[in-house]
Amino acid sequence: MSIQWFPGHMNAARKKAAETMENTDLVIEVLDARIPQASCNPMVEQLRTFRQRPCLKILNKSDLADPHATKAWLEFYNAQKGVKAVAMSCKKPADVAKVPGFALEMAPHRGVPTKPLRMMIMGIPNVGKSTLMNALLKKRVANVGDEPAVTKVQQRLYLGKNMILTDTPGMLWPKIQHPTDGLMLAASHAIGVNALIEEEVATFLAEILLQRYPQFLTTRYGLATDGIDAVSVIEAVAKKRAYRLKGGDWDFEKAAHTLLLDYRSGALGRVSLETPQSREHLLATYVPPVLLGQGKSVDTGMMEDALDDDE
């Protein structure tokens with residue numbers, strides 16, 4: 001299953017972000033701590049590196065992620081030039097209160113009344129950008145919702161006298177290269193429901209849980225995980241919750257939805273769907289599709305080609 005989701009407003013948001021980046025001192029990129037690299041938009045990386053802008057990467061929802069995996073991701077990002085990574089929950093005011101200090105450390109030449117620090121908050125849909133904005137400004141300035149793509153336009157706001165924040169709409173990229181990335185994004189609720197089949201996403205999630213967190217399935221659903229497959233996990237959820245269709249068969253659709261909700265809410269436990277090691281393995285073993293009869297790799301959706309597609 002290959003998941004792609006790029007509504008029209010995201011294209012407009014991408015072009016506006018490219019314009020705003022020129023007058024930005026620091027990019028604050030909000031990632032999902034459970035899927036940091038899968039939720040890292042390659043277009044954001046292209047825009048900021050082209051303008052040579054430093055990046056504060058916030059691994060949000062760290063309270064839902066595996067702490068061991070999060071530690072490994074922080075080491076991975078903090079080894080990169082021009083990058084500082086921190087893990088937090090944007091719902092915790094004490095965590096968010098540290099963000100301005102981190103930002104000033106990365107742009108010490110700014111942050112005074114004559115030269116305010118200009119920051120652009122970026123990230124994929126439903127990752128917590130608006131929650132971060134509201135917490136930083138200590139008032140509701142951005143809509144927050146439980147569905148992807150709530151914010152659709154940029155807004156520019158002042159954080160005191162010395163800092164300017166630009167909140168951007170959540171953006172995916174036109175072509176998701178790795179199918180597993182699309183599934184991880186879908187499982188983590190970064191993709192609209194009209195672009196996915198929940199049973200397939202839940203089956204993918206169940207496979208990871210069986211491999212890395214079988215004890216969570218046992219604790220949550222009373223499931224003996226030895227020798228079972230992902231489909232059996234979905235069936236077990238249906239049996240545990242007594243989800244049946246009118247004809248008496250198990251309701252796989254409802255069970256799949258329940259498994260996804262339990263993961264997203266943290267009811268299953270602190271789960272990370274990828275680690276730096278699993279990412280390295282993915283990149284090492286990935287074989288891109290080939291255009292039939294042409295012998296060329298399929299375009300992976302980088303910005304220049306995507307812009308051409310939009311003409």
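You'll find the protein entered in an unreviewed UniProt entry as Ribosome biogenesis GTPase A, with Undibacterium flavidum given as the organism. The record held by UniProt for the protein lists under Subcellular location (unreviewed entry) the comment "Cytoplasm".

Residues I28, I58, L132, L185, L217, L259 and L273 are the most contacted members of the largest nonpolar core, which totals 69 residues. Ranked by residues supplied to this core, first place goes to helix α8 (residues 198-212) with eight residues. Among all residues touching L185, those that are not within four sequence positions of it are I35, A38, S39, I124, L172, W173, I176, A190 and I191.

Glancing now at the packing of aromatic side chains. Scanning the entire structure with this criterion turns up four aromatic pairs. Judged by centre distance (5.7 Å) and plane angle (25°), the rings of W73 and Y77 are stacked. Taken together, the residues W73 and Y77, both in helix α3 (residues 67-78) and four residues apart, mark about one turn of the helix. Judged by centre distance (5.1 Å) and plane angle (75°), the ring pair of F76 and Y77 falls under edge-to-face. A relative accessible area of 1% means that Y77 is categorised as buried. Taken together, the ring pairs in this structure connect W73, F76 and Y77 into an aromatic cluster. Stacked on the ring of W250, the Lys or Arg R244 has its end atom at 3.7 Å from the ring centre.

Moving on, we come to the sheet that holds strand β4 (residues 117-123). Pairing is mixed across the open sheet formed by six strands, whose spatial order is β3-β2-β1-β4-β6-β5. Either end of the sheet is taken by a strand with one partner, and the two such strands are β3 (83-87) and β5 (155-159). When the angles between neighbouring strand axes are averaged without regard to direction, this sheet yields 25°. As paired strands, β5 and strand β6 (residues 163-167) are joined by five bridges and run antiparallel to one another. Bridging from a neighbouring strand, Q155 pairs with D167 of β6. Across the sheet, helix α2 (residues 42-50) touches β1 (26-32), β2 (55-60), β3 and β4, and the angle it forms with β1 is around 165°.

Relative to the elements of secondary structure, K92 occurs in the loop between β3 and α4 (93-96). For K92, a relative accessible area of 41% gives the class partly exposed. Placed 39 residues apart in sequence, K92 and T131 show a C-alpha to C-alpha distance of 9.8 Å.

This paragraph deals with the pairing of β2. Of all six residues making up β2, six are buried, and the element is well covered by its neighbours. Both faces of β2 are covered, namely the face carrying C55, K57 and L59 and the face carrying L56, I58 and N60. Note that β1 and β2 share six bridges and pair parallel. Bridging from a neighbouring strand, E29 pairs with K57 of β2. The parallel pair β1 and β2 is bridged by α2, and the resulting crossover is right-handed. Judged from the five bridges that link them, β2 and β3 form a sheet pairing that is parallel. In the sheet register, K57 faces β3, and the bridge partner there is A85. In this view, the connection linking β2 to its parallel neighbour β3 by way of α3 has right-handed handedness.

What follows is about the state of the cysteines. Following the criterion strictly, the structure yields zero disulfides and no others. Considering cysteine sulfurs only, C55 is the nearest to C40, which forms no disulfide, with 7.4 Å between them.

This part is about the packing of helix α10 (residues 230-241) against helix α11 (residues 252-265). Contact geometry of α10 with α11 gives a least axis separation of 8 Å together with a crossing angle of 95°. On the basis of their axis angle, the class for α10 and α11 is roughly perpendicular. From α10, V231, V233, I234, E235, V237, A238 and R241 reach across to α11, where they touch F252, A255, A256, T258, L259 and D262.

Here we come to the pattern of salt bridges. Under the definition given, this model contains 11 salt bridges. With a closest N to O distance of 2.7 Å, K57 and E29 form a salt bridge. Highlighted residues: K57 in strand β2 and E29 in strand β1, separated in sequence by 28 residues. D181 serves as the salt-bridge partner of R279, at 2.6 Å between the closest nitrogen and oxygen. Taken together, the residues span a long stretch of sequence, with R279 in helix α12 (residues 276-285) and D181 in helix α7 (residues 179-187) at a distance of 98 residues. In terms of burial, R279 and D181 fall into one category: buried. The network of salt bridges with common partners includes E29, E45, R48 and K57.

Rules behind the numbers
- Residues numbered from 1 in each chain as written.
- Predicted model: local features only at pLDDT ≥ 70, side-chain atom pairs only at ≥ 80, totals over all residues.
- Heavy atoms only, no water.
- UniProt positions renumbered as here; feature names shortened; annotations may be inferred.
- Core = buried A, V, L, I, M, F, W, Y, C linked by side-chain atoms within 4.5 Å.
- Buried < 20%, exposed > 50% of the residue type's maximum accessible area, 1.4 Å probe, protein only.
- Helix = DSSP H or I, 4+ residues; strand = E, 2+ residues; numbered from the N terminus.
- Contact = heavy atoms within 4.5 Å.
- Phe/Tyr/Trp six-rings, centres within 6.5 Å; stacked < 30°, edge-to-face > 60°.
- Lys NZ or Arg CZ within 6 Å of the ring centre and 35° of its normal.
- Pairing = 2+ DSSP bridges.
- Axes fitted to C-alpha atoms, helices over the stretch in contact; angles between N-to-C directions.
- Right-handed = clockwise from strand over helix to strand, strands pointing away.
- Disulfide = S-S within 2.5 Å.
- Parallel < 35°, antiparallel > 145°, perpendicular 65-115°, else oblique.
- Salt bridge = Lys/Arg side-chain N within 4 Å of Asp/Glu carboxyl O.

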